Amino acid sequence: MRKLIYTFLALSIVFAACKKEEEENNPPSSPTIVGIWTPTSVDLDTSLTVTMMGMVVDSMSGSGTVTMTPYDAGIEGNLQFTNNGNMFVDGDTLDYVYSNNMLTITDEDTTFSIPCSFTKTSLSITIYDMNMDTSWLEMGIPISISYSVTQTVHCSKNTIINNNIDQRLGNSNNSWFVKPKIDNILKSIK
């Protein structure tokens, strides 16, 4: 009996060692943009520089960042990327390609690229980036304005998996939660 116990103990150590070695040889998978992303916050970065006669007017210049909720920024719903290059946002289906921190999106007749970065659990997309520089003379005084604004949406990956295609298509006949039927409840009481 003692030999049998020692044999099982030795085998369990060997199997545990093999399992550990297999885990170390498998590199972790790289993160993927595929999935459902829920907006968590929106950053609005602005910068304004007013120059008169070559000097910055501090009282008219400034910069800063405002962090808002997605609701306050007018962003509703989730963003979904699929394996086959489809992107679902605001009820629209678009085509996308992600490469080198750039998301190239194709609508029916328009293609545009926006910067984005992601990890396993977070996604940041710059949905608006505008720069403006203008100069003019006002009563012989040279004036120039330099303005920039960037809006970045930060999202977290939604880890809830729902394989019910009817729900994803918006059919409300199927619920995520099973509603007990009244007949079954009455039968169980009897």
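Heads up: these notes are all about the structure in this document. All of these numbers come straight from a predicted model, not from anything done at the bench.

Take the nonpolar core next. Counting residues in each nonpolar core, the largest one holds 18 residues, and the members touching the most others are I33, W37, F81, M87, L103 and L123. For this core, the secondary-structure elements that each account for two or more residues are β1 (35-52), β4 (79-81), β6 (92-99), β7 (102-106), β8 (111-118), β9 (122-138) and β10 (141-158). Per-element tally for this core: the top contributor is β8, with 3 residues. If near-sequence neighbours (up to four positions away) are discounted, I33 is found in contact with F81, Y96, Y98, L103, C116, F118 and L123.

A surface patch of nonpolar side chains, about 370 Å² in accessible area, is lined by M52, M53, M60 and I141. Topologically, I141 is positioned in strand β10. For I141, a relative accessible area of 31% puts it in the partly exposed group.

Looking now at the packing of aromatic side chains. Evaluated as defined, the whole model comprises 2 aromatic pairs. Ring centres of F81 and Y96 lie 4.9 Å apart, and the angle between their planes is 75 degrees; on these two criteria the pair is classed as edge-to-face. Of the two residues, F81 sits in strand β4 while Y96 sits in strand β6, which places them 15 residues apart along the sequence. Each of the two residues, F81 as well as Y96, counts as buried. Aromatic pair Y98 and F118: ring centres 5.0 Å apart, planes at 65 degrees, arrangement edge-to-face. Remark: F118 occurs in strand β8 and Y98 occurs in strand β6; sequence separation between them is 20 residues. By relative accessible area, which is 18% here, F118 ends up buried.

A few words on the pairing of strand β5 (residues 86-89). Sheet analysis places β4 next to β5, joined by 3 bridges and oriented antiparallel. Across the sheet, F81 pairs through a bridge with M87, a residue of β5. With antiparallel pairing between neighbouring strands as the criterion, β4 and β5 make up a hairpin whose turn holds 4 residues, including G85 at a positive phi of roughly 85 degrees. Strand direction decides the pairing type here: β5 and β6, joined by 4 bridges, are antiparallel. Bridge pairing in β6 links N86 to D95. In textbook terms, the turn of a hairpin is the stretch between consecutive antiparallel strands, and for β5 and β6 this stretch comprises 2 residues, one of which, D90, has a positive phi near 50 degrees.

Calculation rules
Residues numbered from 1 in each chain as written. Predicted model: local features only at pLDDT ≥ 70, side-chain atom pairs only at ≥ 80, totals over all residues. Heavy atoms only, no water. Core = buried A, V, L, I, M, F, W, Y, C linked by side-chain atoms within 4.5 Å. Buried < 20%, exposed > 50% of the residue type's maximum accessible area, 1.4 Å probe, protein only. Helix = DSSP H or I, 4+ residues; strand = E, 2+ residues; numbered from the N terminus. Contact = heavy atoms within 4.5 Å. Patch = residues over 30% accessible without salt bridge, like charges linked within 9 Å, V, L, I, M, F, W, Y side chains within 5 Å. Areas by Shrake-Rupley, 256 points an atom, 1.4 Å probe, with all protein chains shown as cover. Salt bridge = Lys/Arg side-chain N within 4 Å of Asp/Glu carboxyl O. Phe/Tyr/Trp six-rings, centres within 6.5 Å; stacked < 30°, edge-to-face > 60°. Pairing = 2+ DSSP bridges.

Function cannot be read off these values alone, since they describe shape.
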